[in-house]
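What follows is the residue order along each chain.
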Amino acid sequence: MAVWDDMVGQERVQEQLAAAARDADALVTAQAAGEEPPAASRMTHAWLFTGPPGSGRSTAARAFAAALQCTSPDRALGGAPGCGFCDGCHTSLVGTHADVEVVRTDMLSIGVKETRELVRRAQLSPAVGRWQVIVLEDADRLTEGAGNVLLKAVEEPAPRTVWLLCAPSLEDVLPTIRSRCRHLSLRTPSVEAVADVLTRRDGIEPEAAASAARATQGHIGRARRLATDEAARARRATVLKLPLRVEDVGGCLRAAQELIDAAAEDARQVSEEIDAKEAEELKAALGAAAGGRMPRGTAGAMKELEDRQKRRRTRTQRDSLDLALTDLTAFYRDVLALQLGSRVALANEDVRDALDRVARSSSPEGTLRRMEAVLACREALDTNVAPLLAVEAMTMALRSG
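Cut-offs and rules
- Residues numbered from 1 in each chain as written.
- Predicted model: local features only at pLDDT ≥ 70, side-chain atom pairs only at ≥ 80, totals over all residues.
- Heavy atoms only, no water.
- Helix = DSSP H or I, 4+ residues; strand = E, 2+ residues; numbered from the N terminus.
- Rg over C-alpha atoms; globule rule 2.2 N^0.38 Å.
- Areas by Shrake-Rupley, 256 points an atom, 1.4 Å probe, with all protein chains shown as cover.
- Buried < 20%, exposed > 50% of the residue type's maximum accessible area, 1.4 Å probe, protein only.
- Arc of directions from axis to C-beta.
- Pairing = 2+ DSSP bridges.
- Axes fitted to C-alpha atoms, helices over the stretch in contact; angles between N-to-C directions.
- Contact = heavy atoms within 4.5 Å.
- Salt bridge = Lys/Arg side-chain N within 4 Å of Asp/Glu carboxyl O.

Enquirer: Requested: an account of the overall build of the protein chain, with residues and values cited.
Expert: A tally of helices and strands in the protein chain yields 15 helices and five strands. Whereas a compact globule of 401 residues would reach a radius of gyration of roughly 21 Å, the protein chain reaches 24 Å, a difference of no more than 12%. Taken along its principal axes, the extent of the C-alpha atoms in the protein chain is 75 × 65 × 40 Å. Surface exposure of the protein chain reaches about 20,300 Å², of which carbon and sulfur atoms provide 52%.

Given below as structure tokens:
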């Protein structure tokens, strides 16, 4: 299986990356043989992958990193890098390659301290591989200071270092950084392509795979979770009932509270086990006594860990809430399609009765205002408005239409 097989519906981007990997391989091979490198090359030191959520930005970046580290003997016979079977490809894809650093954050942002460490690593020569590759999956979460630190490394890269940055859009990255990167734009894969990969790769029943792909409108990760996680399906069902529960003020406030509680429970479930493990590991590293008593002078380290865990729970809660709002937007999109008589496939065909009921009781103009209310809620959450206040304002707007 080639490293590109997990890139769903991105044929054009795959061709560009494969061509760049071939040129990168030729460049390293020529340098190792003491020869002049090829005059023209499609390889460069910094790449920026953009695309909507679920398009596979990080998947494409990791596949390219693996192709750059490919050590397959077939390359000498004209084979393309990225076989997927050699040690370089395999360790890059599973995250154990010494020269491939994959950076993702479960915090709200990436700060200067973490970025400086990445820049320091980027100056090193490859230890065992052909390139030193830094994959930054959440480049849009760099603070302004961190972006300025990264800029210097992108402007003056080490000879065998490659930066692979991922972000939802060009606007999410500093102009000074994106101007120094080669830009690749990914698209949302088709529902059929996502259903096929869920069936072929994950062994999900075709009907369940098609239903999950349709419900998530081509978001690969969400589709896989929806098809395999009963709790995820239950949460989605709860969200899709919300438009029918905002007929009075009391219903609006109850629906808002339940949405916030569900997001908080999600965050608790995700974080609880990780938090406990991190705390135990830190206590052991600090030399805690068998009874759990901490040595003097270590309270600061524990407080720092607790603060970091709190920020992670906040990020997880916001992500869960944003996912619910995305499902809600898809519901009203289907309502609008019914109201306008569009033949577009409905994402939420499984709740067709609710869609018909809302479509009959409102106008297309009212549906558009409701979609704008959901968008306004997402924007308010991005600006750190208290989640309950933002969701309550949204549910009241949904009621008035």
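Additional details are given in the paragraphs that follow.
Enquirer: Explain helix α13 (residues 352–360) to me, using residue names and the numbers behind them.
Expert: Residues separated by three or four positions in an α-helix point in the same direction, a consequence of the helix having 3.6 residues per turn. The complete set of buried residues in α13 reads Ala-354, Leu-355, Val-358 and Ala-359. Take α13 and look down its axis: the buried residues cluster within an arc of 130 degrees, on one side only. Set apart from the buried face of α13 by more than 90 degrees, the exposed residues are Asp-353 and Arg-360.

Enquirer: Outline the sheet that holds strand β5 (residues 182–185), listing residues and values.
Expert: Sheets are built from strands that pair by backbone hydrogen bonding, the pairs being arranged parallel or antiparallel. Pairing is parallel in the open sheet, where five strands are placed in the order β2-β3-β4-β1-β5. The strands lining the two open edges of the sheet, one partner per strand, are β2 (100–103) and β5. Across the sheet, the mean angle separating the axes of adjacent strands is 15 degrees when strand polarity is ignored. Inspection of the sheet shows strand β1 (residues 46–50) paired to β5 by four bridges, in the parallel sense. Residue Thr-50 lies in a different strand from β5, and its bridge partner there is Ser-185. Against the sheet, helix α1 (residues 11–32) makes contact with β1 and β5, and its axis sits at roughly 150 degrees relative to β5, the strand it touches most. Across the sheet, helix α5 (residues 144–155) touches β1, β3 (132–136) and β4 (161–167), and the angle it forms with β4 is around 135 degrees.

Enquirer: Talk me through the pattern of salt bridges; I want residue IDs and the actual numbers.
Expert: Under the counting rule described, the total for this entry stands at 23 salt bridges. Of the charged contacts in the structure, one is a salt bridge between Arg-130 and Asp-25, with a shortest N-O distance of 2.7 Å. Taken together, the positions of Arg-130 in the loop between α4 (112–122) and β3 and Asp-25 in helix α1 put the pair 105 residues apart, joining distant regions of the chain. We note that Arg-130, like Asp-25, is buried. A salt bridge links Arg-357 to Glu-247; the nearest nitrogen and oxygen atoms lie 3.1 Å apart. A residue pair is termed long-range when its members are at least 10 positions apart, and Arg-357 in helix α13 and Glu-247 in the loop between α10 (230–241) and α11 (249–285) qualify at 110 residues. Accessibility expressed as a relative area gives 42% for Arg-357, which makes it partly exposed.

Enquirer: Which residues make up α4, and what values do they have?
Expert: Within the span of α4, buried status applies to Thr-115, Leu-118, Val-119, Arg-121 and Ala-122. Axial view of α4: buried residues confined to an arc of 160 degrees, hence all on one face. Of the exposed residues in α4, the ones pointing more than 90 degrees away from its buried face are Lys-113 and Arg-116. On the buried face of α4, the contacting elements are β2, β3, α5 and β4.

Enquirer: How would you sum up the environment of Ala-359? Please name residues and give values.
Expert: Checked against the element boundaries, Ala-359 lands in helix α13. For the pair Ala-359 and Gln-339, spaced 20 residues apart in sequence, the C-alpha to C-alpha distance is 5.8 Å. If near-sequence neighbours (up to four positions away) are discounted, Ala-359 is found in contact with Val-335, Leu-338 and Gln-339.

Enquirer: Give a detailed account of unusual backbone geometry, specifying residues and quantitative values.
Expert: Comment: phi is negative for the bulk of residues other than glycine, and the bulk of peptide bonds are trans. Although it is not a glycine, Gln-217 sits at a positive phi angle of roughly 55 degrees. By secondary structure assignment, the location of Gln-217 is in the loop between α8 (206–216) and α9 (220–228). Among the residues examined, Gln-217 registers a relative accessible area of 33% and is labelled partly exposed. Backbone geometry places Asn-384, a non-glycine residue, at a positive phi of 70 degrees. With a relative accessible area of 53%, Asn-384 lands in the exposed category.

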